[in-house]
Amino acid sequence: MSLLQLEQITAIYGASQALFGVDLTIREGEVVALMGRNGMGKSTTIKVISRLLKNPQGQVLFDGQDIGALPAHKAARLGIGLVPEGRRCFTNLTVRENLFASARPGEWDFARVHALFPRLEERGDQLAGSLSGGEQQMLAIGRALMTNPRLLILDEATEGLAPVVRQEIWAAIATLKKTTSLSILVVDKTISELRQVADSVVILERGVSVWHGTMDALSADVKDRYLGV
Ligand SMILES: Nc1ncnc2c1ncn2[C@@H]1O[C@H](COP(=O)(O)OP(=O)(O)OP(=O)(O)O)[C@@H](O)[C@H]1O
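Report follows, based on the coordinates. (Residues numbered from 1 in each chain as written. Predicted model: local features only at pLDDT ≥ 70, side-chain atom pairs only at ≥ 80, totals over all residues.)

### Some points on the overall build of the protein
In step 1: A count of helical and extended segments in the protein gives 9 helices and 10 strands.
In step 2: At 17 Å, the protein has a C-alpha radius of gyration in line with the 17 Å of a compact globule built from 229 residues.
In step 3: For the protein, the spread of C-alpha atoms along the three principal axes comes to 45 × 40 × 35 Å.
In step 4: Put simply, the protein has 229 residues, and 39% of those count as buried.
In step 5: If you take every contact in the protein between residues at least 6 apart in sequence, the share linking residues at least 24 apart comes to 67%. (Helix = DSSP H or I, 4+ residues; strand = E, 2+ residues; numbered from the N terminus. Rg over C-alpha atoms; globule rule 2.2 N^0.38 Å. Buried ≥ 20, exposed ≤ 12 C-beta atoms within 10 Å, placed from the backbone. Contact = placed C-beta atoms within 7 Å.)

Take a look at the structure:
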């Protein structure tokens, strides 16, 4: 059964239209990569799902429920956990306080997040603003997990991070895939790493979902046409 279903989503910023028709389905436990060149609508699609963009048109179903009119905090409460582009940790709170601030009852708690990212336990009393970029991304993921989501969304999962840290983030995503029933929507530009975790791919081109299929079906022609690689 599909956990999330977007049908013919359109969205505007003021007078400028960003999405012209996005279809996207994520099944329970599935990892979907959302791809496309810069400015094609990936972050806007994520804002529609997490209800951060007001008044998109089209249908957004989460677990069969139309969430098109819910405020963002209610979408989060239903089980949509967002790791936003740029991390957006509370920089003047400690690591522990950041995690505590988003905690909701469920299987994800301090112990489980610390097991996934031991660095967050070591840095528990440190201000989030003093963490490295990679550590902030771990914290952003940990904070989203503390909400006990059913769908975890990572916008630009490893952008701007050093190669060794990127590997840690991909390893954590692979662990989540292997050991939980979470559905994951991930935006990133590195196809080789996405290939390790993603079950399927949706490609956006100028605000339209133009291609979807498995990672293995992502041919050189499709990559050349839509991703410029
Ligand atoms: N706040 C905004 N106001 C006006 N236009 C916006 C805003 N945010 C995004 N856009 C426009 O909407 C379109 C889609 O942008 P979006 O950020 O969703 O693309 P993206 O695929 O996530 O790009 P990137 O890979 O560069 O992050 C672009 O044309 C962008 O300029």
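Structure's up, so let's keep going.
### Remarks on unusual backbone geometry
In step 1: Even without a glycine there, the phi angle at Arg88 is positive, about 55°.
In step 2: With respect to the helices and strands, the residue Arg88 is situated in the loop between β6 (80–83) and α3 (95–102).
In step 3: Despite not being glycine, Glu156 has its phi angle at roughly 55°, a positive value.
In step 4: Mapped onto the secondary structure, Glu156 falls in the loop between β7 (151–154) and α7 (163–179).

### What to know about the nonpolar core
Across soluble globular proteins, nonpolar side chains have a tendency to be buried as a group.
In step 1: If you look at the biggest cluster of nonpolar residues, it comprises 63 residues, and the most contacted ones within it are Ile153 and Val186.
In step 2: Broken down by element, the residue count for this core peaks at 7 residues, all from helix α6 (residues 133–146).
In step 3: Dropping the residues within four chain positions of it, Val186 is found in contact with Val31, Ala33, Leu154, Ala157, Ile173, Leu194 and Ala198. (Core = buried A, V, L, I, M, F, W, Y, C linked by C-beta atoms within 7 Å.)

### Describing the pairing of strand β10 (residues 208–214)
In step 1: Here 6 bridges tie strand β9 (residues 200–205) to β10, and the two strands are oriented antiparallel to one another. By the bridge assignment for β10, Val201 is matched with Gly213.
In step 2: Hairpin remark: β9 followed by β10, antiparallel, with 2 residues in the connecting loop; positive phi at Arg206, about 45°. (Pairing = 2+ DSSP bridges.)

### A look at the site of the ligand
In step 1: In the vicinity of the ligand, the residues found are Tyr13, Ser16, Ala18, Gly36, Asn38, Gly39, Met40, Gly41, Lys42, Ser43 and Thr44.
In step 2: Taken together, the elements giving at least two residues each to the shell around the ligand come down to β2 (16–27) and α1 (42–49).
In step 3: Here the shell around the ligand takes 3 residues from α1, the largest share from any one element.
In step 4: Here the shell around the ligand is composed, by residue class, of 3 nonpolar, 7 polar and 1 charged. (Near = placed C-beta within 6 Å. Nonpolar A, V, L, I, M, F, W, Y, C, P; charged D, E, K, R; others polar.)

### Details of the packing of α3 against α6
Describing two packed helices takes the angle between their axes plus the distance from one axis to the other.
In step 1: Running from N to C, α3 and α6 point in directions that differ by 30°, and their axes come no closer than 7 Å. Looking at the two axes, α3 sits roughly parallel to α6. Both α3 and α6 take part in a crossing whose hand is right-handed. Facing α3, whose interface residues are Val95, Asn98, Leu99 and Ser102, α6 presents Leu139, Gly142, Arg143 and Met146.
In step 2: Partitioning the contact of α3 with α6 into residue classes produces 4 nonpolar, 3 polar and 1 charged. (Axes fitted to C-alpha atoms, helices over the stretch in contact; angles between N-to-C directions. Parallel < 35°, antiparallel > 145°, perpendicular 65-115°, else oblique. Left-handed = near helix turned anticlockwise from the far one by under 90°.)

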